[in-house]
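These are the residues of each chain, in order.
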Amino acid sequence: SCTTYPSSDIPHRIEDLTTLGSVVTVPISGTVTHVGLKDITFNHKALYDVGFGLRAPDGAVVDLFTFDDYGFYTWCGGGNCKLSLDDAAIAGLAPPQFPNDGGTFRPSRNSFAPFNGKASNGVWTLLVNDTGLSDPTNSDAPDTTGDLYSWSLEVCVDNGNPVTATPTPLATSTPEPQPINGTPVPTTAPLTPTPTPTAAPTVCTLPTDTYEPDDTA
């Protein structure tokens, strides 16, 4: 089964040359079969500096995505950026130049596959990396910081519960008569149908012809 868990420790500032962590706690125990990041919503003035990773409860970290892997991206285009990352997305599909349409894309660096087989329960952490530095003297990018507003973690698990078989209904037996005050209850014998008598067939006897043959001309 798959469940989506929204983060509740937001918003966060995305500062220059830092990696921020935003967490989601998964309460369900089981073995992970699939993980995805959904609806990462943020704003940033230099997308070419931004990347995403994920840390599992056991501390394993996977570097997943940077905009720079797809080309030169600058900003969100007037609204907030919004996208999802999933191994099942269309292969080769790149985010639009202004990635604010909520599309789903494959990770550009590494798959989510290393998380498969791990325990699901615990604290998962979205890592947002900013590799750039604001330059007040650069009129094109005087401020290259941003904000993370929301995101969710989709986790699919196999909890090991066996499939419950549908029980086969049992035949209902006819109760035997029980004694009343020590007196056995007679068992009623099954009724034998009385045959219906068959009427004897009626035999018709023709009378004997007592007349002589008529020889009169």
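All values reported here derive from a predicted model rather than from experimental measurement. (Residues numbered from 1 in each chain as written. Predicted model: local features only at pLDDT ≥ 70, side-chain atom pairs only at ≥ 80, totals over all residues. Heavy atoms only, no water.)

Draft legend 1. Summary view of the pairing of strand S9 (residues 122-130). The pairing of strand S3 (residues 19-26) with S9 spans 8 bridges and is classified as antiparallel. Residue pairing in the sheet places Thr-25 in a bridge with Val-123 of S9. In this sheet, S9 lies alongside strand S5 (residues 50-55) in antiparallel orientation, the contact comprising 6 bridges. By the bridge assignment, Arg-55 is partnered in S9 with Thr-125. (Pairing = 2+ DSSP bridges. Helix = DSSP H or I, 4+ residues; strand = E, 2+ residues; numbered from the N terminus.)

Draft legend 2. Inspection of the nonpolar core at higher detail. With 35 residues, the main nonpolar core has Leu-37, Phe-42, Phe-52 and Leu-153 as its most contacted residues. When near neighbours in sequence (up to four residues on either side) are disregarded, Leu-37 contacts Leu-54, Leu-64, Ser-84, Leu-85, Phe-112, Leu-126, Trp-151, Ser-152 and Leu-153. (Core = buried A, V, L, I, M, F, W, Y, C linked by side-chain atoms within 4.5 Å. Buried < 20%, exposed > 50% of the residue type's maximum accessible area, 1.4 Å probe, protein only. Contact = heavy atoms within 4.5 Å.)

Draft legend 3. Main features of empty space enclosed by the protein. Under the defined criterion, the tally for this structure stands at 1 cavity of 30 Å³ or more. Around the largest cavity, the lining residues are Ser-1, Cys-2, Thr-3, Tyr-5, Ile-28, Val-155 and Val-157. Counting residues per element, the ones that place at least two in the lining of the largest cavity are strand S1 (2-6) and strand S10 (146-158). By residue number, the principal contributor to the lining of the largest cavity is S1, which donates 3 residues. Tallied by class, the residues present in the lining of the largest cavity amount to 5 nonpolar, 2 polar and no charged. (1 Å grid on protein atoms, 1.4 Å probe; cavity = no way out; pocket = protein on both sides within 12 Å on 5 of 7 lines; lining within 4 Å. Points joined across faces, edges and corners; volume = space filled by probe spheres on them. Nonpolar A, V, L, I, M, F, W, Y, C, P; charged D, E, K, R; others polar.)

Draft legend 4. Focus on the sheet that holds S5. The strand order across the open sheet formed by 4 strands is S3-S9-S5-S6, and the pairing between neighbours is antiparallel. Single-partner strands in this sheet number two, and they are S3 and strand S6 (61-66). Strand after strand, the sheet turns through a mean of 20° between neighbouring axes, direction not considered. (Axes fitted to C-alpha atoms, helices over the stretch in contact; angles between N-to-C directions.)

Remember that the coordinates give geometry; whether it matters functionally is a separate question.
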